[in-house]
Amino acid sequence: MLKTLTLAAMLSLGVASGALAAGERQGGTLVFTAPYGSSFATLDVQASPNTQEEFITQAIHRALYSWDSIQNKPVLELADSEDVSEDGTVHTYHLRKNAVFHNGKPLTADDFIYSYKRIANPKNAFPGASFIANIKGADDYIVGKADEISGLKKIDDNTLEITYTGPINPGFPLMQNTTVIYPSNVEDESSFGKSPVGLGAFTFKEHVPGSQVVVEKFDKYYEEGKPYLDRINIVLMAEDAARDVAFRNKEIDVSILGPTQYQAYQGEDALKGQLLEVAEVYTRNIGFNPAFEPFKDKRVRQAINHAINAPLIIERLVKNKAYPASGWLPISSPAFDKDKPAYAFDPEKAKALLAEAGYADGFEFEVTASPNESWGVPIVEAILPMLKKVGITVKPKPVESSALGEAVTTNNFQAFIWSNLSGPDPLNALRCYHSKTAQSACNYTSYASAEFDKLYDAAQQERDPAKQNDLLRQANNIVQDDAPVWFFNYNKAVMAYQPWIHGLVPNATELAVQPYDEIWIDETAPDSRK
Amino acid sequence: MLRFTLRRIFQIIPTVVVVALLIFVIFSVVPGTFAASLFADGKRAADPQMIARLNEEFGLNKPLIERFTTYVTDLAQFDLGTSFRTRQPVIDLINDRMWASLQLAIAAMVFALVVGVPLGFLAALRPGSVLDTVTMIGAVSGLSMPQFWLGLLMMYLFALQLNWLPSFGYGDGSFRNLILPAVTLGVTPLALLARTTRAGVLDVLNADFIRTAHSKGMSEAKVVRWHVARNVLVLIVTTVGLQFGSLIGQAVVIEKLFAWPGIGSLLVDSVAIRDIPVVQGTILVIVLWFLVINTAVDLIYAAIDPRIKQE
């Protein structure tokens, strides 16, 4: 399945970037949509954990690492190379010498130290602090016990040494939106939120609150010959239906599709060839609270997994805009086990398991759910008759999204339905099932398994990526067998793009976020874009 | 007149105070917090340390009474607070969006007035005619049609099929971008104005003083201009006032649909993520707008109908 998916992703990529060989065209304006709300919270992206601000980050900023969608892993971005110590904790980065901020300042090690200290500053309460916490001494700095982060050391202007708390892959935490590098020579920090300055391929031009952000080509960008585009209008469009009209009317160049639109676009000859699909790193699930008596028994949880026909729901309700989930780690994870089958739809087996657990007459439970069409109340309503057939009565408890987050993180639920991050880093994703991870962090189902912990701890110490993935694969299979959740599906993200757009990539971390410096527009574009 | 004006303005104050208190109480008891909303889309794992830091920074872990005192004290100094999400003063966020909302509301009202009032007049002057029937069917449809659906229809027709207008966005603030959202928003007040004007004109046309005017030999045009129009004006001003006052609130759906950067879409986003200072500030501004328009309407009454001032 993984091979099939990779092929599909590459084919999609081929469609999106098919004309690359013919030569990328310079110039033009890209009209890109930011679909996750009606505004940008802030232009100071270090302060924002939202996906919405990542659209700005991609254009204006750069972090030490970046996500390579083709290799499906983080790669060095602001350094040409790195030396890693024997124990894997000390990384010495040889920084790019040709990287310049939009205000003219050349990139130096001071900018990293300044930025990471700003992110971890206890007065700021920035979301990226938890990523910086992977650097030695950051924990003390974050709580105000130290004036410096001891793990950060400037060797010279172009060399930075970072000591991490363990032999982690620092690419994952230090490629984030919230860990981008700002120039250290800006006196008024409040200007970052009004007129951002970064190292990215585009410079900030204009922000019309509630409408759009406009960026323009940065001539001193460190990648030779890039970017291709002159300008990008990042427009805010939260409504699916409005985006659909605007895309068909060629007013926007890309559009993220929901299930209904995905089905409609697949049925239209002019549109079905213009879809880019990828298995994103989110697992939709129903989490069971073991404090609720029936869910203490593994057999009950397994029975629920057998009693629900997930592929049918995916086909009918989610319009095939998802991949059935077999376990927690998604298809695009390097530790995904393609040989491990999903729970089979088998109501008889479910009944037998329930009887073994002492629930032959069934029981009743409540599922806290948001209105989300792909992982909310509609899905709970769909499983209702299926579970009724094995004697289980389900009652949806509708709440708003923010109330769902609060209910789950305060352990105030019997069961919940949610979509949760399960990649791209399998080590970080499975951390949520370690017994030492707090329920309020991400161990929402209070999962605890000595066998799992042992495998996970071994994986954490393992420096060979292949062996580490193998250990994580085994750990993931234990989670699957213990069924702390109903494994529903992995999100299939779908982006429609206009035929004149090239260079889009199947970004499994978030398809809507694209590397703008790779995108170019061909001659067939309307005059307004050329 | 000055006393009348001052009295009406002072009447706004208790209303604002009650509304402010209600908003505070409601958003203090509804489930969900700003910190929890940051993880609500499931795209990142919850971070208890960050939740604690944010709750402390925004004073959300303080007792309700202490937060209430701070809120009232700030409000008394015209300070609407700081947004949790953007960390900017709420008043700045509202300022950034207010002009777009006003543009939309004014354009919608002008459209409703220019089309609705003449249609209502003509329908009343020819009751039972084709024009009357069509106008009233259109008015009922306009009142009953969901704005979201109507907006989508307008987009499909004028943007996608005819390609006359952009389907979304503020653009560079041009008039072309304003037309579709304004017309969609203006349909409901238009329908209401047409119906109200028609009813008002029919009522006046049956009055004794109209018969007297006719019997004195006054022409139809003069009767309509001097007697009918002036008497219906109070009714029209009332309807316009009520509708205009509530248009900014009604625009929430339209702003979302057309990606129009007004305070309506700011409010919706802020409610979803529990950015309480922005929610409180925005609702307060919408209520204040309603009250100011209504006060203005009262003052206009007094100007156009001296009987009201005497009362």
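So, how was this worked out
- Residues numbered from 1 in each chain as written.
- Chains lettered and ligands numbered in written order.
- Predicted model: local features only at pLDDT ≥ 70, side-chain atom pairs only at ≥ 80, totals over all residues.
- Heavy atoms only, no water.
- UniProt positions renumbered as here; feature names shortened; annotations may be inferred.
- Contact = heavy atoms within 4.5 Å.
- Buried area = accessible area lost by both parts, 1.4 Å probe.
- Salt bridge = Lys/Arg side-chain N within 4 Å of Asp/Glu carboxyl O.
- Nonpolar A, V, L, I, M, F, W, Y, C, P; charged D, E, K, R; others polar.
- Pairing = 2+ DSSP bridges.
- Helix = DSSP H or I, 4+ residues; strand = E, 2+ residues; numbered from the N terminus.
- Axes fitted to C-alpha atoms, helices over the stretch in contact; angles between N-to-C directions.
- Left-handed = near helix turned anticlockwise from the far one by under 90°.
- Phe/Tyr/Trp six-rings, centres within 6.5 Å; stacked < 30°, edge-to-face > 60°.
- Lys NZ or Arg CZ within 6 Å of the ring centre and 35° of its normal.
- Buried < 20%, exposed > 50% of the residue type's maximum accessible area, 1.4 Å probe, protein only.
- Arc of directions from axis to C-beta.
- Polar contact = N/O pair within 3.5 Å; in protein donor to acceptor, adjacent residues only side chain to side chain.
- Domains from an automatic or database assignment.

Going by what an unreviewed UniProt entry lists, chain B is known as Glutathione transport system permease protein GsiC and is assigned to Shinella yambaruensis. Its UniProt record gives chain B a comment under Sequence similarities (unreviewed entry), which states: "Belongs to the binding-protein-dependent transport system permease family." On record in UniProt, under Subcellular location (unreviewed entry), the comment for chain B is "Cell membrane".

Chain A is annotated in an unreviewed UniProt entry as ABC transporter substrate-binding protein of Shinella yambaruensis. In its Sequence similarities (unreviewed entry) section, the UniProt entry covering chain A states "Belongs to the bacterial solute-binding protein 5 family." Regarding chain A, the UniProt comment filed under Subcellular location (unreviewed entry) reads as follows: "Periplasm".

What follows covers the interface of chain A and chain B. Counting residues at the interface gives 55 residues for chain A and 47 residues for chain B. When residues of chain A are sorted by the area they lose upon contact with chain B, A:A125, A:V245 and A:S402 head the list and together hold 13% of the total. Applying the counting criterion to the chain A and chain B interface returns 2 salt bridges. For B:R274, the salt bridge is made with A:E400, and the minimal N-O distance between the two is 2.8 Å. Tallied by class, residues from the side of chain A that touches chain B come to 29 nonpolar, 18 polar and 8 charged.

This brings us to the sheet that holds strand β8 (residues 202–208) of chain A. Residues and elements named next belong to chain A. Read from one edge to the other, the open sheet built from 4 strands follows the order β1-β10-β9-β8, with strand pairing classed as mixed. The sheet terminates laterally at β1 (29–34) and β8, the two strands that pair on one side only. Strand-to-strand twist of the sheet, defined as the mean angle between neighbouring strand axes without regard to direction, takes the value 20°. For strand β9 (residues 212–217) and strand β10 (residues 231–236), the ladder comprises 5 bridges, and the chain directions are antiparallel.

With that settled, consider the packing of helix α1 (residues 2–29) of chain B against helix α4 (residues 64–76) of chain B. Residues and elements named next belong to chain B. The geometry of α1 relative to α4 is characterised by a closest axis approach of 11 Å and an angle of 145° between their N-to-C directions. With respect to the hand of their crossing, α1 and α4 are arranged in right-handed fashion. Side by side, α1 and α4 meet where A20, L21, F24 and S28 of the first sit next to L64, R67, F68, Y71, V72 and L75 of the second. The class makeup of the residues in the contact of α1 with α4 is 8 nonpolar, 1 polar and 1 charged.

A few words now on the UniProt feature "domain: Solute-binding protein family" (unreviewed entry) in chain A. Following the UniProt record, the feature "domain: Solute-binding protein family" (unreviewed entry) maps to residues 73–437 of chain A here. When the span residues 73–437 of chain A is considered, its composition is 26% helix and 23% strand, and the gap between its end C-alpha atoms is 25 Å.

All names here are of chain A. Spatially, 4 strands are ordered β4-β5-β7-β6 in an open sheet, and the strand pairing comes out antiparallel. If you trace the sheet from one side to the other, it starts and ends with β4 (79–84) and β6 (152–156), each paired once. Along the sheet, successive strands turn relative to each other by an average axial angle of 20°, direction set aside. Pairing of β4 with strand β5 (residues 90–95), which is carried by 5 bridges, proceeds in the antiparallel orientation. By the bridge assignment, A79 is partnered in β5 with L95. With respect to the sheet, helix α3 (residues 109–120) is in contact with β5, β6 and β7 (159–163), its orientation differing from that of β6 by roughly 165°.

On to the UniProt feature "transmembrane region" (unreviewed entry) in chain B, then. All names here are of chain B. Residues annotated in UniProt with the feature "transmembrane region" (unreviewed entry) correspond here to residues 12–40, 102–125, 137–158, 178–194, 232–258 and 278–304. In this annotation, residues 232–258 is assigned 96% helix and 0% strand; the end-to-end C-alpha distance for the span is 35 Å. This span, residues 278–304, is 100% helix and 0% strand, and a straight line between its end C-alpha atoms measures 39 Å.

In the structure shown here, the tally under the stated rule is 34 aromatic pairs over all chains. Chaining the aromatic ring pairs together yields one cluster made of A:F288, A:F292, A:F295, A:Y359, A:F363 and A:F365. Here the guanidinium or amino end of A:K492 rests over the ring plane of A:Y323, the centre of that ring lying 5.2 Å away. Taking NZ or CZ as reference, B:K43 lies 4.0 Å from the ring centre of A:Y36, over its face.

Here we come to helix α11 (residues 347–356) of chain A. All names here are of chain A. Of the residues making up α11, those classed as buried are A350, L353 and L354. Viewed along the axis of α11, the buried residues span an arc of 100°, placing them on a single side of the element. Across α11 from its buried face, at more than 90 degrees, point the exposed residues E348 and E356. In this structure, the buried side of α11 is in contact with α9 (298–307). Count one or two residues on from α11 and you reach G358, which has phi positive near 90°.

Turning our eyes to something else, we now look at the side chain of A:T33. Residues and elements named next belong to chain A. Structurally, T33 can be placed in strand β1. Residue classification places T33 among the buried positions, given a relative accessible area of 3%. Engagement of the side chain of T33 in a polar contact is seen with the backbone oxygen of V254, the distance being 3.1 Å. Aside from chain neighbours lying at most four places away, what touches T33 is F55, V235, M237, R243, I252, V254 and S255.

A few words now on the environment of B:F148. Examined against the element boundaries, B:F148 turns out to sit in helix α7 (residues 147–161). Judged by relative accessible area, B:F148 falls into the partly exposed class, the value being 28%. Separated by 114 residues in the primary sequence, B:F148 and B:G262 have C-alpha atoms spaced 16 Å apart. Beyond its immediate stretch of four places on either side in the chain, B:F148 contacts A:E239, B:V253 and B:L257.

Moving on to helix α11 (residues 263–272) of chain B. Residues and elements named next belong to chain B. Most of α11 sits inside the fold, with 7 of its 10 residues counted as buried. For α11, every residue scored as buried is listed here: I263, G264, S265, L266, L267, D269 and S270. Contacts made by the buried residues of α11 are with α5 (90–125), α10 (220–257) and α12 (276–304). R274 occupies a position one or two residues after α11 and carries a positive phi of about 55°.

Residue and element names in this part refer to chain B. Domain boundaries in chain B define domain 1 (15–90) and domain 2 (96–310). Between domain 1 and domain 2, the C-alpha centre-to-centre distance is 35 Å. Taken together, the two surfaces of domain 1 and domain 2 that pack against each other cover about 1700 Å², and 75% of this comes from carbon and sulfur. Of all residues in domain 1, I23, F27 and R85 give up the largest surface area on contact with domain 2, accounting jointly for 31% of the area buried on that side. Where domain 1 touches domain 2, the interface holds 0 salt bridges. Seen at the junction of domain 1 and domain 2, the total is 5 residue pairs in polar contact (both at pLDDT 80 or more). Going through the elements one at a time, α1, α2 (34–37) and α4 are the ones with two or more residues in the side of domain 1 that touches domain 2. The greatest single-element share of the side of domain 1 that touches domain 2, amounting to 7 residues, is contributed by α1. Grouping the amino acids of the side of domain 1 that touches domain 2 by side-chain chemistry returns 14 nonpolar, 6 polar and 1 charged.

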